Amino acid sequence: MQNNVDIQKHMNCIQMNLAFICNSLDRDFSNLFIDSWDFYYKPNNDSFSPGKLSFKQFRKLSHESLQWQYLGMKAHEIDPKSLLSSNLIARYLEGSKALLLNISAFDCPWHRGYRKIDIDHYCLVVGLTEDGYQCTDPYLMGNRLVSLTRSQSSRGRELIFYNRLTSAARLTVDILFSEIIKNINNNNIFIMMEQFRRHFSGLPDATQLYDYPQDIYLCAITRTIKFIADGRFQLSYLIGKLGVAHPKQNQINAIYTLLNDSGNTWNHINSLIIKVFYIPRRFEEEKLKITNYLEKVIHTEK
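So, how was this worked out
- In this numbering scheme, every chain counts its residues from 1 along its sequence in written order.
- Predicted model: local features are reported for residues with pLDDT of at least 70 only, side-chain atom pairs are reported and counted for 80 or more only, and whole-chain, interface and lining totals are derived from all residues.
- The basis for the side-chain values is all heavy atoms of the structure; hydrogens and waters are excluded.
- Runs of E in the DSSP output that reach at least two residues are strands. Runs of H or I that reach at least four are helices, and both are numbered from the N terminus.
- The globule rule used here is 2.2 Å times the number of residues to the 0.38 power, and the radius of gyration it is set against is calculated over C-alpha atoms.
- Under the scheme applied here, a residue whose accessible area is under 20% of the maximum for its type counts as buried, over 50% as exposed, and between as partly exposed, the area being computed with a 1.4 Å probe on protein chains only.
- Methods summary: accessible areas were calculated by the Shrake-Rupley approach with a probe of 1.4 Å, and residue burial reflects only the protein chains presented.
- Positive charge is attributed to Lys and Arg, negative charge to Asp and Glu, and no charge count is given to His or to the chain ends.
- Each charge is placed at NZ for Lys, CZ for Arg, CG for Asp and CD for Glu.
- Pairs of cysteine sulfur atoms within 2.5 Å are what we label disulfides.
- Two aromatic rings from Phe, Tyr or Trp, using only the six-membered ring of Trp, form a pair when their centres are within 6.5 Å; if the ring planes differ by under 30 degrees the pair is stacked, by over 60 it is edge-to-face, and anything between is tilted.
- One bridge is not enough; two strands pair if DSSP finds at least two bridges between them.
- Lines fitted to C-alpha atoms define the axes, with helix axes restricted to the stretch in contact, and inter-axis angles between N-to-C directions lie between 0 and 180 degrees.
- Every residue pair with non-hydrogen atoms within 4.5 Å of one another is taken to be in contact.
- Each residue gets a pLDDT score, which is the predictor's confidence in that residue and runs from 0 to 100.
- Angle categories are assigned with fixed cut-offs, so that under 35 degrees is roughly parallel, over 145 is roughly antiparallel, 65 to 115 is roughly perpendicular, and the rest are oblique.
- In this scheme the crossing of two helices becomes right-handed for a clockwise turn of the near helix relative to the far one and left-handed for an anticlockwise turn of less than a right angle.
- Residues are grouped as follows: nonpolar covers Ala, Val, Leu, Ile, Met, Phe, Trp, Tyr, Cys and Pro; charged covers Asp, Glu, Lys and Arg; every other residue, Gly included, is treated as polar.

A word on the overall build of the protein chain
Line of reasoning, step 1. When helices and strands are counted, the protein chain shows 11 helices and 8 strands.
Line of reasoning, step 2. Since a compact globule built from 302 residues should have a radius of gyration of about 19 Å, the 20 Å found for the protein chain is in line with a globular shape.
Line of reasoning, step 3. Dimensions along the principal axes, computed over C-alpha positions, put the protein chain at roughly 60 × 50 × 30 Å.
Line of reasoning, step 4. Classification of the 302 residues of the protein chain by burial places 52% in the buried group.
Line of reasoning, step 5. Summed over all atoms, the accessible surface of the protein chain reaches about 14300 Å², with 49% contributed by carbon and sulfur.
Line of reasoning, step 6. Taken as two groups, the 35 positive and 30 negative side-chain charges of the protein chain have centres that lie 1 Å from each other.

Observations concerning the state of the cysteines
Line of reasoning, step 1. Applying the stated criterion to the full structure yields 0 disulfides.
Line of reasoning, step 2. Cys-13 supplies the cysteine sulfur nearest to Cys-22, a cysteine that is in no disulfide, at a spacing of 15 Å.
Line of reasoning, step 3. When its relative accessible area of 0% is taken as the criterion, Cys-22 is described as buried.

Overview of the packing of aromatic side chains
Each pair of aromatic rings is reported with the distance of its centres and the angle of its planes.
Line of reasoning, step 1. Applying the stated criterion across every chain, the model contains 9 aromatic pairs.
Line of reasoning, step 2. Between Phe-33 and Tyr-237, the aromatic rings sit 6.2 Å apart at their centres with planes inclined by 80 degrees, giving edge-to-face as the arrangement. With Phe-33 in the loop between helix H1 (13-24) and strand E1 (40-41) and Tyr-237 in helix H9 (residues 220-242), this residue pair connects regions lying 204 residues apart in the sequence.
Line of reasoning, step 3. Measuring from centroid to centroid gives 5.1 Å for Phe-277 and Tyr-278, while their planes differ by 90 degrees, and the two rings are edge-to-face.
Line of reasoning, step 4. By way of ring pairs, the aromatic residues Phe-39, Tyr-41, Phe-196, Phe-200 and Trp-266 are connected into one cluster.

Quick look at the sheet that holds strand E5 (residues 120-129)
Line of reasoning, step 1. In spatial order, the strands read E3-E8-E4-E5-E6-E7; together these 6 strands make up an open sheet with antiparallel pairing. With partners counted over all chains shown, the strands left at the sheet margins are strand E3 (73-78) and strand E7 (145-149), one partner each. Geometrically, the sheet is characterised by an average inter-axis angle of 40 degrees between neighbouring strands, direction not taken into account.
Line of reasoning, step 2. Pairing geometry for strand E4 (residues 99-104) and E5, over 6 bridges, is antiparallel. From the neighbouring strand, Ser-104 faces E5, where its bridge partner is Asp-120.
Line of reasoning, step 3. Lying over the sheet, H1 contacts E3, E4, E5, strand E6 (132-136) and strand E8 (158-164), oriented at roughly 40 degrees with respect to E5.

Comments concerning the side chain of Asp-107
Line of reasoning, step 1. Examined against the element boundaries, Asp-107 turns out to sit in the loop between E4 and E5.
Line of reasoning, step 2. Note on Asp-107: relative accessible area 6%, which makes it buried.
Line of reasoning, step 3. Those residues in contact with Asp-107, other than ones at most four positions away along the chain, are Tyr-114, Arg-115, Leu-148, Gln-152 and Arg-155.

Describing the confidence of the model for the protein chain
Atomic detail in the predicted coordinates should be set aside for any region of low pLDDT.
Line of reasoning, step 1. Residues of the protein chain with pLDDT of at least 70 account for 91%, and the chain-wide mean is 86.
Line of reasoning, step 2. When mean pLDDT is taken per element in the protein chain, helix H11 (residues 283-301) scores highest with 94 and helix H2 (residues 56-59) scores lowest with 51.

Examining the packing of helix H10 (residues 249-278) against H11
Line of reasoning, step 1. Their axes nearest at 10 Å, the elements H10 and H11 cross at an angle of 165 degrees. Between H10 and H11, the angle is such that the two are roughly antiparallel. Every pair of crossing elements has a handedness; the one defined by H10 and H11 is left-handed. Taking contact as the criterion, the partners of Leu-258, Ser-262, Thr-265, Trp-266, His-268, Ile-269, Leu-272, Ile-273, Lys-275 and Val-276 in H10 are, on H11, Phe-283, Glu-286, Lys-289, Ile-290, Tyr-293, Leu-294, Lys-296, Val-297, Thr-300 and Glu-301.

Some points on unusual backbone geometry
Line of reasoning, step 1. A positive phi is found at Asp-26, a non-glycine position, where the angle reads about 60 degrees.
Line of reasoning, step 2. With respect to the element layout, Asp-26 can be found in the loop between H1 and E1.
Line of reasoning, step 3. A relative accessible area of 62% means that Asp-26 is categorised as exposed.
Line of reasoning, step 4. Within the chain, Arg-115 stands out as a residue other than glycine whose phi angle is a positive 60 degrees.
Line of reasoning, step 5. With a relative accessible area of 43%, Arg-115 lands in the partly exposed category.

Some points on the packing of helix H8 (residues 189-201) against H11
Line of reasoning, step 1. Closest axis-to-axis distance for the H8/H11 pair is 9 Å, and the angle between their directions is 170 degrees. Compared by their axis directions, H8 and H11 come out roughly antiparallel. Each of Phe-190, Met-193, Glu-194, Phe-196, Arg-197, Phe-200 and Ser-201 in H8 lies in contact with H11, whose residues at this interface are Lys-287, Ile-290, Thr-291, Leu-294, Glu-295, Ile-298 and Glu-301.
Line of reasoning, step 2. Of the residues belonging to the contact of H8 with H11, the class tally is 7 nonpolar, 2 polar and 5 charged.

What to know about the pairing of E4
Line of reasoning, step 1. The buried fraction of E4 amounts to 6 of the 6 residues, a majority that puts the element mostly inside the structure.
Line of reasoning, step 2. Burial along E4 is two-sided: Leu-99, Leu-101 and Ile-103 and Leu-100, Asn-102 and Ser-104, pointing in opposite directions, are all buried.
Line of reasoning, step 3. As defined by bridge partners, E4 adjoins E8 across 3 bridges and the pair is classed as antiparallel. Opposite Asn-102, over in E8, you have Glu-158 as the bridge partner.

Put into structure tokens, the structure is as follows:
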């Protein structure tokens, strides 16, 4: 089976930054995708709540989750409010080459949401400046160096150093499938999908879709549906990688194709939501299409 997923197009800011650290520690970053098939929707009442749609990694970056067994790395939290000395940061960087910093987009000068909205963002601390940290952000800035002032970095939520463990558990495609089934059974994913579809179909107009109406790309619904779509591509990539030479190639190929098709459907749903933002008079027409696509993707993933 040929793995045709261009994975960097389907990674979020946590994953792009952790991939850099994995590579620097000679660990396989694709194991980050073990639990990428995800959907979570818990509204407070029986009405549409886009802010209650979320993606697992942005609910909490948990270092107790399954993926860390197979990454072979250990996390150590540092207080983000204290600027590290040059000696201390040099000691941290000697191992993992970077520290992972969780910061609000509101305090991140190169983020689209700077001075606009409080949403989680991650970048890498790679050194010191006279007034703060030198950073990179593979997700938004490629290899370009950027900087955060001491004031900005001190409002960070997490600052994490990683070191390499002597060994990592070996992940196989059979273990992966077993964990996916466990996730489905434990988390009522399809019930939440159906509730989301039902709530969406009952919307009277488009206004409830957009929690930040000044910018569609900062809205919770478009950001989260992108993460959901990307999660399908991430899992297909991992299955494609692990499934090479597996005796059940036909079944693995079918699941690989299904996940790619599902990712494309979620992307199409997102493009229609963006379209309605710019052409609100098309809401009823596009709502019907989106509802049908949601029904299709639920059926496909079941």
